[in-house]
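These are the residues of each chain, in order.
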Amino acid sequence: MRFPNTEATIIALAQKMISGFTNNPNFPTPPITPEQLQARLDTANSSSDAQVSTQAAAKQATDAKQADFDSLMTDMKTMLHYAEDTVHGDDSKLSELG
């Protein structure tokens, strides 16, 4: 049997192991109790849930930042077009703006 390599298959095996080791007379003293393995699985699941939430929040923050910069650039371009039109493209006057 090969050890699983995806989170879903690791979780599935952990659940089967917890069930299989619980009150099994063939394995009376495992080095880690089924209860300890369950606690570790619960912790891993909580960490996975936190990661998903954090990734979603990061994506929302990134999207919001991009939208804000898009709006900023649109406003800046509008102001620059206004300035160019107002001074009829006079570079010496436009240089005062940055």
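Check the entry above for the structure.
Not measured: the values here are computed from a predicted model.

## Remarks on the overall build of the chain
Counting its secondary structure elements, the chain contains three helices and zero strands. Going residue by residue from the N terminus, the α and β elements of the chain occur as α-α-α. For the chain, whose C-alpha radius of gyration is 30 Å, the value lies well above the compact-globule estimate of 13 Å for 98 residues. Expressed along its principal axes, the backbone C-alpha trace of the chain runs to roughly 90 × 25 × 15 Å. Buried positions account for 9% of the 98 residues belonging to the chain. Split by element, the accessible area of the chain, about 8300 Å² in all, is 59% carbon and sulfur. Distance between charge centres in the chain, computed from 7 positive and 13 negative side chains, equals 14 Å.

## Considering the layout of surface pockets
Of the voids in this model, the largest pocket is the one considered here, and its volume is about 230 Å³. Ile 10, Ile 11, Ala 14, Leu 41 and Ala 44 are, among the 14 residues lining the largest pocket, the residues nearest its centre. Listing elements by their share of the lining of the largest pocket, those giving two or more residues are helix H1 (7–21) and helix H2 (34–86). Split by residue class, the lining of the largest pocket holds 10 nonpolar, two polar and two charged.

## Focus on the pattern of salt bridges
Applying the stated criterion to the full structure yields one salt bridge. Measuring nitrogen to oxygen at the nearest pair gives 2.9 Å for the salt bridge that ties Lys 59 to Asp 63. Separated by four residues within a single helix, Lys 59 and Asp 63 lie in helix H2, roughly one turn from each other. For Lys 59, a relative accessible area of 52% puts it in the exposed group.

## Quick word on the environment of Leu 13
Among the structural elements, Leu 13 can be located in helix H1. For the pair Leu 13 and Met 79, spaced 66 residues apart in sequence, the C-alpha separation works out to 61 Å. If we ignore the near neighbours within four places in the chain, the residues touching Leu 13 are Met 1, Phe 3 and Pro 4.

## Focus on H2
Counted at 1.5 Å a residue, the expected span for H2 with its 53 residues is 78 Å, and the 77 Å between its end C-alpha atoms agrees. Taken together, the buried positions of H2 are Pro 34, Leu 41 and Ala 83. If you follow the buried residues of H2, they end up packed against H1 and helix H3 (91–94). Just downstream of H2 lies His 88, where phi reads positive at about 55°.

About the cut-offs
Residues numbered from 1 in each chain as written. Predicted model: local features only at pLDDT ≥ 70, side-chain atom pairs only at ≥ 80, totals over all residues. Heavy atoms only, no water. Helix = DSSP H or I, 4+ residues; strand = E, 2+ residues; numbered from the N terminus. Rg over C-alpha atoms; globule rule 2.2 N^0.38 Å. Buried < 20%, exposed > 50% of the residue type's maximum accessible area, 1.4 Å probe, protein only. Areas by Shrake-Rupley, 256 points an atom, 1.4 Å probe, with all protein chains shown as cover. Lys, Arg positive; Asp, Glu negative; His and termini not counted. Charge placed at Lys NZ, Arg CZ, Asp CG, Glu CD. 1 Å grid on protein atoms, 1.4 Å probe; cavity = no way out; pocket = protein on both sides within 12 Å on 5 of 7 lines; lining within 4 Å. Points joined across faces, edges and corners; volume = space filled by probe spheres on them. Nonpolar A, V, L, I, M, F, W, Y, C, P; charged D, E, K, R; others polar. Salt bridge = Lys/Arg side-chain N within 4 Å of Asp/Glu carboxyl O. Contact = heavy atoms within 4.5 Å. Expected span 1.5 Å × (residues − 1).

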